[in-house]
Amino acid sequence: MPGILQDGELILYGFVGENYWDEGFTALEVLNALALHGRDEPITARINSGGGYTDEGIAIFNALKTHKGKVSVIIDAMAASAASIIAMAGDERTMRTGAMMMIHDPAGEKRGTAAEHEAMGELLHKQADLLAGIYADVTGKTSEELRQMMVEETWMNGSEAQVQGFATVDEAAQAVSVSAFDYRTYNCAPDTLKQLSKTKNWSAQAERSPAASVAQTTVNQEIQPMTTQPAADANSASPNTDKTQSNAADEATAERERIGKILNCAEAVGRTELAKYLAFETSTNFEDSQKVLDKAAKAGEGNAPKSDGQRTQASTYEQQRLSASSQASSYSNPSDLTDDDKGTRLVNRAKSMFGGAK
């Protein structure tokens, strides 16, 4: 994938933040691109994104907002969710013909006690208020008005975005195709986008490996797909298609069985995070995983990370993951813990993000 700085423009297409398919952009990439371009030089940022992680969107917004040169934002087709926050950094905000913008409340996932869920709720409310403040500073609306629009999940075309103050220009120009994203996960997405997601099969299942697919079901994350490959034409199928599909199905079944055995074996009791690490982030077979789990200390015996109940889910999970990784490396051959699937590493990333079913 080419860098996001192309011909003096930032091309912010795809998922906001690191994701399964390496298609999208991160805050670090934006910072590096701005440094390469020159912090005093005017810059144009072109957006076509269905959204992504909240913190990445805010970081990119601040990177552009503190850029010393003039920042011009052009929404080529879509600026939804976290991408709409990025768009607010533009001194000029242009909506191309056919382009859309969407704002809504941030969403996240939390495991734990009732107190921990309440703390997560408080965090999401606070984050929503902060995001409403960003929109308010740009549009001139009150934070209360913006909060209501976010709760209702508001979609705007170019002229509507201009009237509401989110865009400064409604440009009559040819728009590129809408960014691939499973828009069915949004409550109020236009029917045309939902149908397009269905027709194009824009779902995470299309691109995930077997391990990542099982991990999605197990941990119930809200990461959404950014791209998919079009379905093959029936007339173009080769004689080996059925055999290939059969082999893929067998591999998927075997992978599900491996993960299920690791997660449900007796040795996994009290070592949940380590079991997840072995199941989702390595290709270690069941027997070797049993040995690693059997030798590892159980939670509460000195190896489990502490949680203060106030940290974000991402922070807590990262500590748990690092602890699990450390335990695994202590009892297993490093070659057994090779991470050959980037998707499995990211599916467990429990971060507050824009998007996902509510």
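Owing to the predicted nature of the structure, the values given are computational and were not obtained by experimental measurement.

Calculation rules
Residues numbered from 1 in each chain as written. Predicted model: local features only at pLDDT ≥ 70, side-chain atom pairs only at ≥ 80, totals over all residues. Heavy atoms only, no water. pLDDT = per-residue confidence, 0-100. Helix = DSSP H or I, 4+ residues; strand = E, 2+ residues; numbered from the N terminus. Contact = heavy atoms within 4.5 Å. Salt bridge = Lys/Arg side-chain N within 4 Å of Asp/Glu carboxyl O. Buried < 20%, exposed > 50% of the residue type's maximum accessible area, 1.4 Å probe, protein only. Polar contact = N/O pair within 3.5 Å; in protein donor to acceptor, adjacent residues only side chain to side chain. Pairing = 2+ DSSP bridges. Phe/Tyr/Trp six-rings, centres within 6.5 Å; stacked < 30°, edge-to-face > 60°.

On to the confidence of the model for the protein chain, then. Per-residue confidence for the protein chain gives a mean pLDDT of 74, with 65% of residues at or over 70. Highest mean pLDDT in the protein chain belongs to helix α3 (residues 82-87) (97); lowest belongs to helix α8 (residues 210-219) (35). Scored below 50 in pLDDT, residues 204-239 makes 85 contacts in the model with residues more than four places away or belonging to other chains. Counted against residues more than four places away or in other chains, residues 324-353, with its pLDDT under 50, gives 88 contacts.

We now examine the pattern of salt bridges. Scanning the entire structure with this criterion turns up six salt bridges. The closest approach of N and O atoms between E92 and K70, which form a salt bridge, is 2.9 Å. Highlighted residues: E92 in strand β7 (residues 92-95) and K70 in the loop between α2 (54-65) and β6 (71-80), separated in sequence by 22 residues. Residue K70 is classed as partly exposed on the basis of its relative accessible area, which comes to 42%. D129 is paired through a salt bridge with R147; the nearest N and O atoms lie 3.3 Å apart. Taken together, the residues span a long stretch of sequence, with D129 in helix α4 (residues 114-139) and R147 in helix α5 (residues 143-151) at a distance of 18 residues.

All right, on to the side chain of S49 then. With respect to the element layout, S49 can be found in strand β5 (residues 43-49). According to the relative accessible area criterion, S49 is buried, its value standing at 0%. Within the structure, S49 has its side chain in polar contact with the backbone oxygen of G14 (distance 2.6 Å). With residues up to four places along the chain from it excluded, the contact list for S49 reads L12, G14, V16, F25, M78, A79, A80, A83 and S179.

Right, let's get into the pairing of strand β8 (residues 100-103). Here β8 shows no split at all, with M100 and M102 on one side and M101 and I103 on the other all buried. As paired elements, β6 and β8 share three bridges and run parallel to each other. Considered in β8, the bridge of M78 is made with M100.

Looking at the secondary structure, you find G90 in the loop between α3 and β7. Counting along the chain gives 45 residues from G90 to A45, while the straight-line C-alpha distance between them is 8.2 Å. Discounting chain neighbours no more than four positions away, the residues touching G90 are V71 and V73.

Across all of its chains, the model carries two aromatic pairs by this definition. Between F15 and Y53 the ring centres are 5.3 Å apart and the planes differ by 85°, which places this aromatic pair in the edge-to-face class. Placement of F15 in strand β3 (residues 15-16) and of Y53 in the loop between β5 and α2 is noted, with a sequence separation of 38 residues between them. Accessibility assignment for this pair places F15 and Y53 in one class, buried.

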